[in-house]
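Chain by chain, the residues run as shown.
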Amino acid sequence: MNEELKAARRADEILSIVADRGERLDSVNVATAVNRLYKVANARDNLRGDPRYARLLELVRRLCRAFRAREVANVVHGLGVLCADRGAGDVDAETAGEVMLAVEREIDSMNPQAIANVYNGLTKLPAAAAAMSPERWRRLSEAASHLAPEMNSQDIANTLNALGKIDAAAEAVSSGTGWSRLIEAAERRAPEMNAQEIANTLNALGKIDAAERAVSSGAGWSRLIGAAERRAPEMNAQDIAHVLNALGKISAAAEAVSSAGWSRFATAVERTSGAMNAQEMSNVVNAYAEMRGVPEAPEAVSAAGWRSLAAVARRTAPAMNSQAIALTVDAAKKLDAFAMAIDDDGWNQLARQVPRVARDFNEQEVVLVLSAVGWKRELAKALARVDGGWDALIA
């Protein structure tokens, strides 16, 4: 049965086995079914509405107490991908609770990959993360720090990425040896990291003060930033946005970037800008605005690069949330090259969003927008042309 599941090439094949022979499946078969399903399924399979997928979750609940370490880690990871990337939706609270009981039981038997898979799955399964008690987070973090010296580049990147996304997970890491062992592993594995791994690692460091402080001054940043510079030509829109967002927050990291590195990052921005979403674009221009103290950073962006970012701002403005609007117009206030690349339609598009998101502005965002309006006549004029624009901003 297991070989048949492993050989499946379509979601329908796996789910048919679950439906027709579910009573004969053991815990190993069920874990294999989940692991294989996430690899072959896609959103068109409509897992959320398929009773056979519901049957698979039922089998997970019933048999997960028999899962061994590798099996439960693969199930958490697989369900996370199915939930976040394959349209299956989150698992129910009962299934999440049973699976996390199995995780708790098997933590001490997990290898580095299994620990990283559990962390990765938890970033994509809200119900499972909610089922994690402080004690479970503590035990998971202790296992991660203990196994950190054995982690490969993917394991440590996935672990840090999860810690950067889940506050409760990061808070459970011990401030002494916990962070030092994890960051030592990241520094050691940095030269082996691919574009996504180094981008996720730096992004996590930009979010977690304790992790940033654990990086060895000089040599540590040199290894991490050196890896990012080498991988810049392979980065996608999300990767380069993550890297620049981190550099905008961590001065020691920005200081470690070489002149050639800034050029590589700027080239990656221009190359990937057409695929950027609103959040990625706003994070990029905000990072450059924050790095005005490192003139090489914004100066490395060509006129064509600024035009490409301005085009993204115009295109994605209708999808921007309050933070993205505030960061974008604040960057336009601080970066003349970016402001000059925004055409009339771009200013109009940005201004039109103010009434739409005004109720979501926090105090800092209101200040940023008002300051940008005060400094940039083009934005003030565009806002005056929007029905209710000024009223929405000052209400």
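For the structure, see preceding data.
Residues numbered from 1 in each chain as written. Predicted model: local features only at pLDDT ≥ 70, side-chain atom pairs only at ≥ 80, totals over all residues. Heavy atoms only, no water.

A. Local environment of the side chain of Ser322. In this fold, Ser322 is placed in helix 22 (residues 322-334). For Ser322, the contacting residues outside a window of four places in its chain are Val357, Asp360, Phe361 and Glu365. (Helix = DSSP H or I, 4+ residues; strand = E, 2+ residues; numbered from the N terminus. Contact = heavy atoms within 4.5 Å.)

B. Quick peek at the packing of aromatic side chains. Overall, the coordinates contain three aromatic pairs when judged by the stated rule. Taking 6.1 Å as the distance between ring centres and 80° as the angle between the ring planes, the aromatic pair formed by Trp262 and Phe265 counts as edge-to-face. Here Trp262 and its partner Phe265 are both found in helix 18 (residues 259-272), three residues apart, which amounts to about one turn of the helix. Owing to a relative accessible area of 0%, Phe265 belongs among the buried residues under this scheme. Here Trp306 and Phe338 contribute two aromatic rings whose centre-to-centre distance is 6.1 Å and whose plane-to-plane angle is 45°, an arrangement assigned as tilted. Taken together, the residues Trp306 in helix 21 (residues 303-316) and Phe338 in helix 23 (residues 336-341) connect sequence positions 32 residues apart. Accessibility assignment for this pair places Trp306 and Phe338 in one class, buried. (Phe/Tyr/Trp six-rings, centres within 6.5 Å; stacked < 30°, edge-to-face > 60°. Buried < 20%, exposed > 50% of the residue type's maximum accessible area, 1.4 Å probe, protein only.)

C. A look at the state of the cysteines. Within this structure, the stated rule accounts for zero disulfides. Left unpaired, Cys64 is separated from the closest cysteine sulfur, that of Cys83, by 17 Å. Residue Cys64 is classed as buried on the basis of its relative accessible area of 0%. (Disulfide = S-S within 2.5 Å.)

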